[in-house]
Amino acid sequence: MKTIGIAILVALLSLAALVGTTMAVVSADVAREAKDDAESATKSAGRAAQTAAPAAEADGLVSYAGQTAENAEELAAQREPFPPELPPIPEGDVVDVELTLKDVVVEIAPGVEYNAWGFEGGAPGPAIHVREGQKVQIALTNDGTIPHSIDFHAARIAPDRAFRDVDVGETITYTFEATDPGVFMYHCGTKPVLAHIANGMYGAIVVEPAEQPLPKADREYVLVSSEWYLTGSGIDEPASYDVTKAHAVIPDWVTWNGYAGQYVTHPLTADPGDTVRFWVVAAGPSLDTDFHVVGTILDRAWVNQDMSKYQSGVQTVGVPAGGGAVFDVRIDEPGLYPVLSHSFASVDMGQVGLLKVGNPKGAGGH
Ligand SMILES: [Cu+2]
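Residues numbered from 1 in each chain as written. Predicted model: local features only at pLDDT ≥ 70, side-chain atom pairs only at ≥ 80, totals over all residues.

Undergrad: Tell me about the overall build of the protein, and name the residues and values.
TA: In terms of helices and strands, the protein carries eight helices and 18 strands. A buried classification covers 45% of the 366 residues belonging to the protein. Summarising the internal contacts of the protein: among those between residues at least 6 apart in sequence, 75% fall at separations of at least 24. (Helix = DSSP H or I, 4+ residues; strand = E, 2+ residues; numbered from the N terminus. Buried ≥ 20, exposed ≤ 12 C-beta atoms within 10 Å, placed from the backbone. Contact = placed C-beta atoms within 7 Å.)

Undergrad: Would you mind going over unusual backbone geometry in detail, with residue names and values included?
TA: In the segment running from alanine 123 into proline 124, the intervening peptide bond is cis, with an omega of 5°. For proline 124, the position within the fold is in the loop between strand E2 (112-119) and strand E3 (128-131). Even without glycine at this site, glutamate 120 takes up a positive phi of about 60°. Within the fold, glutamate 120 resides in the loop between E2 and E3. Residue class for glutamate 120 comes out partly exposed when judged on the 15 C-beta atoms lying within 10 Å of it. Here the phi dihedral of valine 249 falls at roughly 55°; this positive angle occurs in a residue that is not glycine. Along the chain, the position of valine 249 falls in the loop between helix H6 (243-248) and strand E10 (253-256). Take valine 249: there are 12 C-beta atoms within 10 Å of it, and that puts it in the exposed class.

Undergrad: An account of the sheet that holds strand E8 (residues 202-208) is needed here, citing residue identities and associated values.
TA: Sheet architecture is open: four strands sit in the order E3-E8-E7-E5, paired in mixed fashion. Looking along the sheet, the strands with just one partner apiece sit at the ends: E3 and strand E5 (151-152). Looking at chain direction, E5 and strand E7 (residues 182-187) are connected through two bridges and run antiparallel. Across the sheet, the residue bridging to aspartate 151 is histidine 187, located in E7. (Pairing = 2+ DSSP bridges.)

Undergrad: If you had to explain the pairing of strand E13 (residues 289-293) to someone new, which residues and values would you point to?
TA: For E13, the tally of buried residues reaches four of five residues, placing the bulk of the element in the interior. In this structure, E13 lies alongside strand E15 (residues 317-319), joined through three bridges in antiparallel fashion. Residue pairing in the sheet places aspartate 290 in a bridge with glycine 318 of E15. By the bridge criterion, three bridges tie E13 to strand E17 (residues 335-341) in an arrangement that is antiparallel.

Undergrad: Outline the environment of tryptophan 302, supporting the account with residue identities and numerical values.
TA: Position of tryptophan 302 relative to the elements: it lies in strand E14 (residues 300-302). Linking tryptophan 302 and alanine 325, residues 23 residues apart in sequence, is a C-alpha distance of 5.7 Å. Each residue touching tryptophan 302, except ones within four places of it in the same chain, is listed here: Met307, Tyr310, Ala325 and Val326.

Undergrad: Could you give an account of the nonpolar core, naming the residues involved and the relevant values?
TA: Of all hydrophobic cores here, the largest spans 93 residues; its most connected members are Ala204, Ile205, Val280 and Phe327. Looking at this core, the element that brings in the most residues is strand E12 (residues 275-284), giving seven residues. (Core = buried A, V, L, I, M, F, W, Y, C linked by C-beta atoms within 7 Å.)

Undergrad: Provide a residue-level description of the sheet that holds strand E11 (residues 268-270), including the pertinent values.
TA: Sheet strands associate in pairs through backbone hydrogen bonding, adopting either a parallel or an antiparallel arrangement. Read across the open sheet, the five strands follow the order E11-E18-E17-E13-E15; overall the sheet is mixed. In this open sheet, the two edge strands, each paired with only one partner strand, are E11 and E15. Between one strand axis and the next, the sheet turns by 25° as a mean value, whatever way the strands run. (Axes fitted to C-alpha atoms, helices over the stretch in contact; angles between N-to-C directions.)

Undergrad: Mind laying out the confidence of the model for the protein, listing which residues take part and the relevant values?
TA: Per-residue pLDDT for the protein has a mean of 87; in total, 82% of the residues score no lower than 70. Throughout residues 1-56 the model reports pLDDT below 50, and contacts reaching past four residues in sequence, or to other chains, amount to 58 contacts. (pLDDT = per-residue confidence, 0-100.)

Right under this line is the structure:
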């Protein structure tokens, strides 16, 4: 028992060291730069306020990019990451998907809170995994304060019926057959859709190909990208949705699975030689994701989740807002491989994670 306890302690200490080093290596510089930018923007706004009307604020364009709580690394380390693993496929011909929508405060970066609308209390909503040919029975209950709805991109169904608004306290149900394999977005489609997606109402559904199965993968991760538009820093009180910044597409944070840099602090893992599969959805609401893994090449890329064929040896693949794609990498050399959108403004604003292959030097391990 003692050895197990010590092993766990060693692992935790190693993780703490890893957090320190990887945060420093990968995100500290960009975070610092973003913070500097944010600080200079704040100072400019301050100067403007002293002289005349604060122009930046009048435009609603004050940036809170990179502004986190003082003890950011500690908070990031303590927080459980959004589970990135692809969940198993439920058995049976019909898969029940029951989602409840609630108004919730979510954390989107260390110490940064946001007034969100969350499927199952979070943003993104849970990853859903079904097999091609299964029927998916959706039940959405609205425990929020305004009407909402749920639009599944994987469905071929009359949207005016299935995706219609659900009043507060009501439940809507519909069933569709998962005829098309791939990874698809689901989201609230209530107007204005921009606001409902920006407030966290999105997620991913993976439809596993059955007729033409994929090559075996050793690890499978689901990554949903999205960006956030904040009315404030979110540090002293939760920020809300800034419509002006959303229209101008000037986000404060861009995230994988709803929290900036969470897989830098808690890396995705693989053994050397594993085939690692990424199921990627770009939820937007407006930004695309230029998927790239630093230090390797995408061995297989099912672009636009066309699962009938893949491209090989690709460096970066665009995933449009509202779209999905699937990527395989096989990495033999142990190391820390950043997984990001190569549109680097998004990296600066938090859309970066790490794939930890093996137990690379300086990254802890046994
Ligand atoms: Cu909604």
